[in-house]
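Residue-level structure breakdown
Chain residues, written in single-letter form:
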Amino acid sequence: MNQQNIQAQSTAGQQTDLLFGLIHVGPKLLHQFINGSRESLDSIKTLMGSAKASGDYQATIDPVLRIIHGIKGSACLFDLTLYIRVAHEFEDTLRRMQSNKDKPGKVIAEVDEMIA
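All of the points below concern the structure found in this document. (Residues numbered from 1 in each chain as written. Predicted model: local features only at pLDDT ≥ 70, side-chain atom pairs only at ≥ 80, totals over all residues. Heavy atoms only, no water.)

What follows covers the packing of helix H3 (residues 58-77) against helix H4 (residues 81-98). Axis separation between H3 and H4 bottoms out at 9 Å; the angle between their running directions is 165°. When the axes of H3 and H4 are compared, the pair comes out roughly antiparallel. Every pair of crossing elements has a handedness; the one defined by H3 and H4 is left-handed. Of the residues in H4, those in contact with Gln58, Ile61, Asp62, Val64, Leu65, Ile68, His69, Lys72, Ala75 and Cys76 of H3 are Tyr83, Ile84, Ala87, His88, Phe90, Glu91, Leu94, Arg95, Met97 and Gln98. A breakdown of the residues in the contact of H3 with H4 according to their chemical character gives 12 nonpolar, 4 polar and 4 charged. (Axes fitted to C-alpha atoms, helices over the stretch in contact; angles between N-to-C directions. Helix = DSSP H or I, 4+ residues; strand = E, 2+ residues; numbered from the N terminus. Parallel < 35°, antiparallel > 145°, perpendicular 65-115°, else oblique. Left-handed = near helix turned anticlockwise from the far one by under 90°. Contact = heavy atoms within 4.5 Å. Nonpolar A, V, L, I, M, F, W, Y, C, P; charged D, E, K, R; others polar.)

The subject of this paragraph is helix H2 (residues 27-54). An ideal rise of 1.5 Å per residue puts 40 Å on 28 residues; H2 measures up with 40 Å between its terminal C-alpha atoms. Glycine 55, located one to two residues past H2, shows a positive phi value of around 80°. (Expected span 1.5 Å × (residues − 1).)

Attention shifts here to unusual backbone geometry. One non-glycine residue with positive phi stands out, namely aspartate 79, at about 55°. Inspection of the secondary structure puts aspartate 79 in the loop between H3 and H4. Looking at aspartate 79, the relative accessible area reads 46%, which means it is partly exposed. (Buried < 20%, exposed > 50% of the residue type's maximum accessible area, 1.4 Å probe, protein only.)

This part takes up the pattern of salt bridges. This model, assessed by the stated rule, comprises 2 salt bridges. The residue lysine 72 makes a salt bridge to glutamate 91 at a minimum N-O spacing of 2.6 Å. Pair noted here: lysine 72 is in helix H3 and glutamate 91 is in helix H4, with a separation of 19 residues, a long-range link. Residue lysine 72 is classed as buried on the basis of its relative accessible area of 14%. One salt bridge in this structure joins glutamate 89 and arginine 85, with 2.8 Å as the shortest N-O distance. Here glutamate 89 and its partner arginine 85 are both found in helix H4, 4 residues apart, which amounts to about one turn of the helix. (Salt bridge = Lys/Arg side-chain N within 4 Å of Asp/Glu carboxyl O.)

Moving on, we get to the side chain of threonine 60. Along the chain, threonine 60 falls in helix H3. Judged by its relative accessible area of 9%, threonine 60 is buried. Among residues more than four places away in sequence, those in contact with threonine 60 are Leu47, Met48 and Ala51.

Our next topic: the environment of glutamate 91. Given a relative accessible area of 2%, glutamate 91 falls into the buried group. Sequence spacing of glutamate 91 and valine 111 is 20 residues, and the spatial spacing of their C-alpha atoms is 9.7 Å. Contacts of glutamate 91, omitting those with residues within four sequence positions, involve Leu65, Ile68, His69 and Lys72.

Structure, rendered in structure tokens:
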């Protein structure tokens, strides 16, 4: 099996997980989750923009971690496994930045991609 087929199967599996996760959440609650997550991501974009302007990313990590942890907690309430996984990966990326295990530029690019 080639890499392209593996990637396609992985994407299809993620989409299936997302759909099954969304089925059991009522429309009103799902709407609240989506709007809350969107507002949270907008806050992260603002924080990251300020960090880019000042060059001080370390001061931004803790507030961003709290926001992402809140999104992950909400996703857990609804058992939205895809969102839980992505939020967890986001937290791991920020913790790498916090511990300076990676070069800041590489991690910042990952954070920007995750926000998008």
